[in-house]
Amino acid sequence: MIPTLFGLTLLMFLLERAIPNSILASQYVNPQSTVPITEQLHNAYIQLGLNNPAPIQFLYYLNDIFHGNLGYMNTSYYSGSVSSAILQYFPNTAQLVIFSMAVTLVIAIPLGTYIGARPGSVADHASRVFSITGFAIPTFWLGLMLQIAFGKGVLNLPISVFPLGGVVSNSALPSPLPSWLLNPTSGALSSSPTHMVFFDAMLHGDFALAENAFVHMVLPIITLTYALLAGLLRFIRSGMVDSASKEYVKTARAKGVPERMVIRTHIRKNAMIPAVTVIALLIADLLGGVVVTETIFGYPGMGLLSVNAAITDEIYGVVGTTLVFGVIMVVANLVVDVVYALLDPRIRY
Amino acid sequence: MNVDLTREKKVARQHVFARNSGAFMRNLLKSGAATAGLVITVVYLILGLLDAVYPQYLGVRNDHTMLVFLPGQSISSAPPTAPVFNQGWWYYFGTTTSRIPIFPSMLAALQYDLGYALLIVLVGAGIGLLFGAVSGYFGGKVDELMMRITDIFLSVPLIPLAIAVTFFLGATFVDMAYALMFVSWPSFARLARGESLSLKSLSYMEAATSAGSSKVRNVWVHVIPNVLSPIFVQASLGVGRIVLVFATLFFLGIVRGAPYMPELGKLMVFGEPWLVNGVWWPIVIPGLFLIIFIVGINLFGDGLRDILDPKLRR
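Residues numbered from 1 in each chain as written. Chains lettered and ligands numbered in written order. Predicted model: local features only at pLDDT ≥ 70, side-chain atom pairs only at ≥ 80, totals over all residues. Heavy atoms only, no water.

**Some thoughts on the overall build of chain A**
When you go through chain A residue by residue, the secondary structure sums to 13 helices and two strands. When the 349 residues of chain A are sorted by exposure, 48% land in the buried category. Here the analysis covers contacts within chain A between residues at least 6 apart in sequence; of these, 68% occur between residues at least 24 apart. Accessible area of chain A: about 16600 Å², with a carbon and sulfur share of 66%. Charge separation in chain A, taken as the distance between the mean sites of 16 positive and 16 negative side-chain charges, equals 22 Å. (Helix = DSSP H or I, 4+ residues; strand = E, 2+ residues; numbered from the N terminus. Buried < 20%, exposed > 50% of the residue type's maximum accessible area, 1.4 Å probe, protein only. Contact = heavy atoms within 4.5 Å. Areas by Shrake-Rupley, 256 points an atom, 1.4 Å probe, with all protein chains shown as cover. Lys, Arg positive; Asp, Glu negative; His and termini not counted. Charge placed at Lys NZ, Arg CZ, Asp CG, Glu CD.)

**Examining the overall build of chain B**
When its secondary structure is counted, chain B shows 11 helices and four strands. Buried positions account for 49% of the 314 residues belonging to chain B. Taking the contacts inside chain B whose residues are at least 6 apart along the sequence as the reference set, 68% of them involve residues at least 24 apart. If you sum the accessible surface of chain B, you get close to 15000 Å²; carbon and sulfur atoms cover 66% of it.

**Points about the pattern of salt bridges**
Residue and element names in this part refer to chain B. The full count for this structure, using the stated rule, is 11 salt bridges over all chains. Arg 148 is the partner of Glu 144 in a salt bridge, and the nearest nitrogen-oxygen pair spans 3.6 Å. Of the two residues, Glu 144 and Arg 148 both sit in helix α5 (residues 140–154), four residues apart, roughly one turn of that helix. When its relative accessible area of 32% is taken as the criterion, Arg 148 is described as partly exposed. One network of salt bridges, with partners in common, ties together Glu 144, Arg 148, Asp 151 and Arg 190. (Salt bridge = Lys/Arg side-chain N within 4 Å of Asp/Glu carboxyl O.)

**Examining the interface of chain A and chain B**
Between chain A and chain B, the residue contacts involve 44 residues of the former and 41 residues of the latter. Taking both sides of the interface into account, the surface hidden between chain A and chain B amounts to around 3500 Å²; carbon and sulfur atoms contribute 81%. Applying the counting criterion to the chain A and chain B interface returns one salt bridge. With a closest N to O distance of 3.1 Å, Arg 256 of chain B and Asp 313 of chain A form a salt bridge. Connecting chain A to chain B are three residue pairs in polar contact (both at pLDDT 80 or more). Mapped by element, the contributors of at least two residues to the side of chain A that touches chain B are α1 (2–16), α6 (122–136), α7 (139–150), α11 (259–297), α12 (302–311) and α13 (315–343) of chain A. (Buried area = accessible area lost by both parts, 1.4 Å probe. Polar contact = N/O pair within 3.5 Å; in protein donor to acceptor, adjacent residues only side chain to side chain.)

**Description of the packing of α7 of chain A against helix α9 (residues 207–244) of chain A**
Residues and elements named next belong to chain A. Close contact between α7 and α9 brings their axes to 9 Å; oriented N to C, the two are set at 145°. As for the relative orientation of α7 and α9, their crossing is right-handed in sense. Mapping the contact onto sequence places Thr 139, Leu 142, Gly 143, Leu 146 and Phe 150 in α7 and Leu 219, Ile 222, Thr 223 and Tyr 226 in α9. Across the contact of α7 with α9, the residue classes break down as six nonpolar, three polar and no charged. (Axes fitted to C-alpha atoms, helices over the stretch in contact; angles between N-to-C directions. Left-handed = near helix turned anticlockwise from the far one by under 90°. Nonpolar A, V, L, I, M, F, W, Y, C, P; charged D, E, K, R; others polar.)

**Focus: the environment of Ala 177 of chain B**
Residues and elements named next belong to chain B. Mapped onto the elements of the fold, Ala 177 is located in helix α7 (residues 173–200). Ala 177 gets classed as buried once you look at its relative accessible area, which sits at 4%. On a C-alpha basis, the gap between Ala 177 and Val 42 in space is 23 Å, while along the polypeptide they are 135 residues apart.

**Some thoughts on the packing of α7 of chain A against helix α11 (residues 281–308) of chain B**
Their axes nearest at 11 Å, the elements α7 of chain A and α11 of chain B cross at an angle of 145°. Where α7 of chain A crosses over α11 of chain B, the two elements pack in a sense that is left-handed. Residues Trp 141, Leu 144, Met 145 and Ile 148 of chain A of α7 of chain A form the contact with α11 of chain B, whose own contacting residues are Ile 283, Val 284, Gly 287, Leu 288 and Ile 291 of chain B. For the contact of α7 of chain A with α11 of chain B, a count of residues per class yields eight nonpolar, one polar and no charged.

**Some details on a nonpolar patch on the surface**
Residues and elements named next belong to chain A. A cluster of nonpolar side chains, Met 1, Ile 2, Val 327, Val 331, Leu 334, Val 335, Val 338, Val 339, Leu 342 and Leu 343, forms an exposed patch at the surface whose accessible area comes to about 880 Å². For the nonpolar patch, the element with the most residues is α13, which contributes eight residues. Counting through the fold element by element, Val 339 comes out in helix α13. Overall, Val 339 belongs to the partly exposed group, its relative accessible area being 34%. (Patch = residues over 30% accessible without salt bridge, like charges linked within 9 Å, V, L, I, M, F, W, Y side chains within 5 Å.)

**Notes on the packing of aromatic side chains**
Evaluation of the coordinates by the stated rule reveals 25 aromatic pairs over all chains. The cationic tip of Arg 118 of chain A hangs over the ring face of Tyr 114 of chain A; the distance from NZ or CZ to the ring centre is 3.9 Å. (Phe/Tyr/Trp six-rings, centres within 6.5 Å; stacked < 30°, edge-to-face > 60°. Lys NZ or Arg CZ within 6 Å of the ring centre and 35° of its normal.)

**Thoughts on the domain arrangement of chain A**
Residue and element names in this part refer to chain A. Domain annotation of chain A identifies domain 1 (2–69) and domain 2 (82–343). On the domain 2 side, the residues contacting the 15 residues of domain 1 number 11 residues. A buried area of about 1000 Å², summed over both sides, lies between domain 1 and domain 2, and 75% of it is on carbon and sulfur atoms. Summed over the three residues of domain 1 that lose the most area to domain 2, namely Leu 5, Met 12 and Gln 27, the buried surface amounts to 43% of that side. Here domain 1 and domain 2 share two residue pairs in polar contact (both at pLDDT 80 or more) between them. When residues of the side of domain 1 that touches domain 2 are traced back to their parent elements, those giving at least two are α1, α2 (21–26) and α4 (54–66). (Domains from an automatic or database assignment.)

**Things to note about the environment of Asn 270 of chain A**
All names here are of chain A. If you trace the backbone, Asn 270 turns up in helix α11. Linking Asn 270 and Ala 210, residues 60 residues apart in sequence, is a C-alpha distance of 38 Å. Not counting residues up to four positions away in its chain, the partners in contact with Asn 270 are Ser 243 and Tyr 248. A polar atom in the side chain of Asn 270 sits 3.3 Å from the side chain of Tyr 248.

**Some words on the side chain of Ser 306 of chain A**
Residue and element names in this part refer to chain A. With respect to the element layout, Ser 306 can be found in helix α12. On the basis of relative accessibility, which here comes to 5%, the residue Ser 306 falls in the buried class. Apart from residues no more than four positions distant in its own chain, Ser 306 is found in contact with Val 291, Val 318, Thr 321 and Phe 325.

Here it is in structure tokens:
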């Protein structure tokens, strides 16, 4: 885990040094500051260690990252340090990812069990078609199709049923904003304690706002879940079919265990073990999908931040978001390994 | 004597290949899905070539922009007009913004999408194959180090990593192609390493070593040819994946410097502003065109896997 993160930092450092030093330093200049620009540039060169040879520069770089200093960005959608931008955008992504993962698991496990117990049935063929389309439909195209369907003209639903963008509607916010919706230092809109609007609204008992936040997530969640579900369903199904032909299943049936129990405890439990490893891969797909989905639906999360940073030439924004995606993946892999060891007593680290 | 021997070997090899390829095609055609996949893939390849060979029949092309126009129009004479759907849609499938006809543009896009995706997968699979085969065969510290390197690339999801690398290389189309080569090889390396590890313990490898074959020769002559078939399957699935990533990166606007490059994702970018007015065809038609191709190549890849992977063959 540590060597991987170290390597990722090195990779980002090498990529970043493809950009000329003067541009790297110019991102540290604050136009509103009273300090003259030449002096600010000079300070940035010292802070980034740009006057030193590359290996020393890398040490400066590591030092900055460990201190949470990921550089600055100055654009219309965000102005300030990259680390605070990530703190602001990350909870929204977390919210989407939590819901998408939950929806996927809640649908895939029972449905996969059902289909896996009946290979060759109509349901099995339907799931095959579903998974083929799931791998082939581009995430952004699915998002656009949902926008066409729930936008004007096609289904003729009022736009407020499933809004096409944003986190919450302004009209749903309580009119004098309560203190938990305001950032104490900057006074900007930011909910506490979890920073995820849905969960915070639930915690503070504002169910109308929670509902509004949820409704805003529905279309992004469908977009994210589609491909994820296709992969997981197929995997659980083949795991079920594999373990159904094992000797212990025959034994269980021979000694008269009811079929329901055979499927649930003998087949499904063993089919779930390889499925857990696949979840790590699905998280990678999910984070990739988040980048696209958030951009399509204008959902202000990490994905939108990284795309916007790339479009508006914010070097440090791109590096910062990529590093955070890497950290999320590495941590998720670690969690999956631990769960794997818990599920399968044969595996011990 | 020596010359005769190599000639005989060559003849024998050709013979085996001919016999195998016949069996291969028969096996492939046995599966309806794989046949459909093969047909779709071949049709798309032909369509891609069609535009490369006969561009003049498919619309007027502006050399500087590589964009396809209706006859009598060019980029300067085409103000951003609304898309229309009544240009004889069986031929043009309507137009997108600035009266760019959709169907010829999709064909023009296909040659770039397919050509570059094949190139990227070829390079990525080649690097991954060498890297993985060496890593798995040599084992020990070499393996440890090489796998750590692939872990770094696999620790960031493909799309964010591709965005970052494309951005830092310069964000043009060619930079994106390099970036995708750069990020696509580790999955091939993982696969090749696994296969190479399992080959290493087989007795013919031991026989080769005891007959005096060096490690490098073992990798080159015994490991790589045997790792090729799973890599080939992964590569065929990889082409579809890369085409999807192309479309995604173009759609997100990561790729710059080619405002009128024919590309399926780019084509959908032109259509997106009109979406709110109920103009669906500039998005739906290129999307379906792309999806059919991905479905086709995935079915073909799955069919290949069923044939080439003896463990799965029933």
